[in-house]
Amino acid sequence: MTEIVFTRSSGWIPSVIREDGELKLMLAAGADANHEPRTFTFPIGEAHLAVIREDLPRHLLLWSAVLPLCDAAGTRGWLDENAAVALLDPVLLSSPVDVNALFRRIRWDRSRLVAHGADIDLLERGQVCEAMRAATEGPDEKRVQEYHADRRRTERGVVLGPLDAEILRYTGQYLHGATVPRRMPDAVDPALLPQVMRVIATAEQACAGMRIGLDPRRGNRATDKRDWDRVAATVDAAVRRAHPELVDDAVRTVSFLMCSEAADRSRSTPVDDEEAADDHADLGAGAKKTALSFTDDKGGKKKWLRDGPRTASAEFWEFVADRSAADNEVFTIEDEEMGEGIQLHFYADSIARITTVRHGEAGSDPQYQVEYSLVDGIGGYRNLVSAFVRGGCAALEQHGPWMSDVAEFERARRRRDAR
């Protein structure tokens, strides 16, 4: 028969029970093979119960000291009861000096003490009894998360100043640098919010008008890495120049925020609007193009007709975003009526333009002229596609140089890749 003798309002702090007439400390810690919390017990005496009832700091210190033993038990092992019992007198009944000395020798769980109000500076200096004078029965788990985040920064040699910390809180990245940043002014100390907003304003002014385009080669929502790096570098330089006292973590979170917001604007922009700047003449000078065929390396095919609601470029890049993959990186646009087309080689950052020199007659094969050129990223591809849509292969001449000799082209490609 089990009787609860003493428990605190916070359910995770160990309770005292009486089991078959014997006093025991009961605590939940770790998890079993089914990810359910494990429960451990070990015997205590009346003197220990008296301290546990009256002295919250000592109760919490005992919990901190026993938790590593529970962790050592794993998912199905037994608690080392002898080791747990051996902690009772030194933690609960010894002088503060002896308790501090004990905690310098044993493993103990800092997180639980931090959650329950421990003074972190005293804790780090090994003065555990003094650190627990303001202990609280209710835990603050966010405080633990911030504590671990600060320790990770300390391991990297990073020390945040007050403004650095509030900038990270503003972007929601104080706890986890990989979190997508957002604007959280309510999380900032009101006294420092004006300074935080000055830093943000510096970043906004630096990247005003800059865009981060989409990169359909990597799917429907992927962004152009070069655009991202360009915006990040611009913001980084401006913030460092205007606020040289900020640490790298704070500067990076601001540039990450600006880049994320620019990328989100691109993702929320309709594809036709996204293409409008590069393809504004698609329905004007390119009116002669009544139909285009899009194909890929896996047998995919799509037809674009001029009387449709969308531009050829928008239709093509949507086709790419839907079909592009690691094993599908060659896409073609063909104007069958004009006998010309372009083939995009995403794996090699190159393009081929193909024109029909002589149509096949009397069963003979047609003769084509194939010329190659290097392409500078997704921006280069967009320009080439728009130029072809507007004016065909002739409009691509200014985007050269074009090489008909395959060996010459391969040498040029290797020289570029070597750089």
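For the structure itself, look to the data block above.
Source: prediction; values computed, not measured.

Draft legend 1. Main features of the overall build of the protein chain. For the protein chain, the helix and strand inventory stands at 16 helices and ten strands. Across its three principal directions, the C-alpha atoms of the protein chain cover 105 × 50 × 40 Å. By the burial criterion, 45% of the 419 residues in the protein chain qualify as buried. Relative to all contacts within the protein chain whose residues are 6 or more apart in sequence, the contacts with residues 24 or more apart total 57%.

Draft legend 2. Broad picture of the nonpolar core. Val-16, Phe-42, Ile-44, Leu-61, Leu-62, Val-91 and Phe-103 are the most contacted members of the largest nonpolar core, which totals 47 residues. Ranked by residue count, the leading element in this core is helix H2 (residues 56-73), at ten residues. With residues up to four places along the chain from it excluded, the contact list for Val-16 reads Glu-3, Ile-4, Val-5, Phe-6, Leu-23, Lys-24, Leu-25, Ile-44, Leu-49 and Ile-52. Tyr-174, Val-196, Leu-257 and Ala-263 belong to the second-largest nonpolar core, a separate cluster that totals 30 residues.

Draft legend 3. Layout of the sheet that holds strand E4 (residues 37-43). Reading across from one edge, E1-E2-E3-E4 is the order of the four strands in this open sheet, with antiparallel pairing throughout. Both outer strands of the open sheet, strand E1 (2-6) and E4, are each paired with one neighbouring strand and no more. The mean inter-strand angle of the sheet, taken between neighbouring strand axes irrespective of direction, is 40 degrees. The pairing of strand E2 (residues 15-19) with strand E3 (residues 22-31) spans five bridges and is classified as antiparallel. By the bridge assignment, Glu-19 is partnered in E3 with Glu-22.

Draft legend 4. How the structure looks around the pairing of E3. Counting the residues that bridge the hairpin from E2 to E3 gives two residues, and of these Asp-20 lies at a positive phi of roughly 55 degrees. Here E3 pairs with E4 via seven bridges, running antiparallel. Along E4, the bridge assignment pairs Leu-25 with Phe-42. Once E3 ends, the chain turns through five residues before running back antiparallel as E4, passing His-35 with a positive phi of about 65 degrees.

Draft legend 5. The arrangement of unusual backbone geometry in detail. Between Gly-400 and the following residue, Pro-401, the backbone shows a cis peptide bond with an omega angle of 5 degrees. Considering the arrangement of structural elements, one finds Pro-401 in the loop between helix H15 (377-391) and helix H16 (406-418). One non-glycine residue with positive phi stands out, namely Asp-20, at about 55 degrees. In this fold, Asp-20 is placed in the loop between E2 and E3. Judged by relative accessible area, Asp-20 falls into the exposed class, the value being 67%.

Draft legend 6. Molecular detail of the packing of helix H9 (residues 162-171) against helix H12 (residues 248-268). Viewed as axis vectors pointing N to C, H9 and H12 meet at an angle of 25 degrees, and their least axial separation amounts to 9 Å. By the angle between their directions, the pair H9 and H12 is classed as roughly parallel. Both H9 and H12 take part in a crossing whose hand is left-handed. Residues Asp-164, Ile-167, Leu-168, Tyr-170 and Thr-171 of H9 form the contact with H12, whose participating residues are Asp-249, Ala-250, Thr-253, Val-254 and Leu-257. The residue makeup of the contact of H9 with H12, split by class, is six nonpolar, two polar and two charged.

Draft legend 7. Inspection of the state of the cysteines at higher detail. Counted according to the given criterion, the structure contains zero disulfides. With no disulfide of its own, Cys-259 has Cys-207 as its nearest cysteine by sulfur position, at a separation of 7.6 Å.

Procedures and definitions
Residues numbered from 1 in each chain as written. Predicted model: local features only at pLDDT ≥ 70, side-chain atom pairs only at ≥ 80, totals over all residues. Heavy atoms only, no water. Helix = DSSP H or I, 4+ residues; strand = E, 2+ residues; numbered from the N terminus. Buried < 20%, exposed > 50% of the residue type's maximum accessible area, 1.4 Å probe, protein only. Contact = heavy atoms within 4.5 Å. Core = buried A, V, L, I, M, F, W, Y, C linked by side-chain atoms within 4.5 Å. Pairing = 2+ DSSP bridges. Axes fitted to C-alpha atoms, helices over the stretch in contact; angles between N-to-C directions. Parallel < 35°, antiparallel > 145°, perpendicular 65-115°, else oblique. Left-handed = near helix turned anticlockwise from the far one by under 90°. Nonpolar A, V, L, I, M, F, W, Y, C, P; charged D, E, K, R; others polar. Disulfide = S-S within 2.5 Å.

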